[in-house]
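What follows is the residue order along each chain.
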Amino acid sequence: MTEQIGTTCVQGGYRPGDAEPRQIPIYQSTTWKYDTSEHMGKLFDLEESGYFYTRLQNPTNDAVAAKIAELEGGAAGMLTSSGQAANFFAVFNIAGCGDHVVASSAIYGGTYNLLAHTMRRMGLECTFVAPDCSDEELEAAFRPNTKCVFGETIANPALAVLDIERFAQAAHAHGVPLIVDNTFPTPVNCRPIEWGADIVTHSTTKYMDGHGAAVGGAIVDSGNFDWMAHADKFPGLTTPDETYHGVVYAEKFGQAGAFITKATAQLMRDFGCIQSPQNAFILNLGLESLHVRMPQHCKNGQAMAEFLSQHPKISFVKFPGLPGDKYHELAKKYLPNGGCGVVSFGFGGGRPAAETFMKSLKLAQIATHVADARTCVLHPANATHRQMNDEELVACGISPDMVRLSCGIESTEDLIADVAQALEQI
Ligand SMILES: *Cc1c(COP(=O)(O)O)cnc(C)c1O
């Protein structure tokens, strides 16, 4: 019998044996000792699996990564120090200097910078396409040196829903994998691998931790992409790695293990973006209630979006769960139980109305954060996008009056009452 997602949230990844600790132990140790150098040598050669240094692997992290891999229905997973590191590793593991990536333009600002600017300095080019582009536009974005396609299930903060099946089909037609950042819906609301995505990433900082306590990231590989069938495109996986005595990852670790083993053995070794075991432990506490919290976030988001869309002082509401939203049809397909608790909206009174609204909230707290148990709110024109003038804001899809409200898991009535009283002040 396949277990339900709530059981995996609580018990996945770590099943203690007889007389072992019930909770995942925190292995607060940088290093492991061995009786012989021969034994340790085998670990270094990837001849045996085992722990020797926490920058590469740590049992606490591995247990939590295994839980996230189970939740996403993947073959293997790893934790990273942040969501930024997860997306960087996921792309850089298969694409580097001289290569090209196709990405949805509706993605997190940090990931946009990473792909458009920082990775460009490493010699990697990126073509951005709108998530609702035509099939012809998507097709035209590919080049012979394209190595992957990237998108977000629900874009932060644009709240666009990715047509995962369509993007996966386009990627596969060009012999490359689809990487999906599934931070906002979490596997409780959508499992991109079931729709054809090959690799899934997370900022676990958001709903997975859910308590604003620990920055972290995760990568899950489905094990479905056949690297050997496209060996010429992915030499890093299909030809010998001389820094590991000529190991060929796709041969030695198979389709299910190659991607994550290479990302651990090479990228974690060289870039060192490991999550601390303490943070992995905190993340796991969050995961244990993820399936209980997500429905409340979604319920509050839906109720808030419906309330705002009826309010005379509100000029627009973006929320894929609202009938009439540009992404409602895709939301019905990919997010039948709801997507997330984040709602974006604007005011008939423009930027001054948004400023009065922000000042008047009592329960919702101003924070550069989303997807937290506590409701938080941000006015991008006055915070993350502060350096832009009004024309520049409009050009990147953020109107000067737009507010992003991340509904927490408080009681719905109290959240709506707070927003209603703040609207009265305008
Ligand atoms: C926050 C976020 C990131 C970056 O994650 P950090 O943990 O802050 O590094 C990446 N993708 C999405 C969708 C995010 O919301």
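Calculation notes
- Residues numbered from 1 in each chain as written.
- Predicted model: local features only at pLDDT ≥ 70, side-chain atom pairs only at ≥ 80, totals over all residues.
- Heavy atoms only, no water.
- UniProt positions renumbered as here; feature names shortened; annotations may be inferred.
- Salt bridge = Lys/Arg side-chain N within 4 Å of Asp/Glu carboxyl O.
- Buried < 20%, exposed > 50% of the residue type's maximum accessible area, 1.4 Å probe, protein only.
- Phe/Tyr/Trp six-rings, centres within 6.5 Å; stacked < 30°, edge-to-face > 60°.
- Near = heavy atom within 4 Å.
- Polar contact = N/O pair within 3.5 Å; in protein donor to acceptor, adjacent residues only side chain to side chain.
- Areas by Shrake-Rupley, 256 points an atom, 1.4 Å probe, with all protein chains shown as cover.
- Helix = DSSP H or I, 4+ residues; strand = E, 2+ residues; numbered from the N terminus.

Going by what an unreviewed UniProt entry lists, the chain is known as Bifunctional O-acetylhomoserine aminocarboxypropyltransferase/cysteine synthase and is assigned to Slackia equolifaciens. What the UniProt record of the chain gives under Cofactor (unreviewed entry) is the line "pyridoxal 5'-phosphate". Per UniProt, the comment on the chain under Sequence similarities (unreviewed entry) is "Belongs to the trans-sulfuration enzymes family."

**So, the pattern of salt bridges**
All chains considered together, the criterion is met by 15 salt bridges. Here Arg166 makes a salt bridge to Asp163, at a shortest N to O gap of 3.9 Å. For Asp163, a relative accessible area of 16% gives the class buried. Salt-bridge contacts for Asp270 lead to Arg269; the nearest nitrogen and oxygen are separated by 2.7 Å. Members of the salt-bridge network, linked through shared partners, are Asp135, Asp163 and Arg166.

**Regarding the packing of aromatic side chains**
With the rule as written, the count across this model stands at 19 aromatic pairs. Between Tyr27 and Trp32, the ring centres sit 6.5 Å apart and the planes meet at 25°, which makes this aromatic pair stacked. Tyr27 gets classed as partly exposed once you look at its relative accessible area, which sits at 36%. Judged by centre distance (4.3 Å) and plane angle (40°), the rings of Phe44 and Phe52 are tilted.

**Focus: the site of the ligand**
Taken together, 15 residues surround the ligand, and among them Gly83, Asp181, Ser203, Thr205 and Lys206 come closest. A distance of 2.9 Å separates an oxygen atom of the ligand from a polar backbone atom of Gly83. A distance of 2.7 Å is found between a nitrogen atom of the ligand and a side-chain nitrogen or oxygen belonging to Asp181. About the coverage of the ligand: the protein hides 92% of its 390 Å² of free accessible area. Counting residues per element, the shell around the ligand draws most heavily on helix α4 (residues 83-92), at 3 residues.

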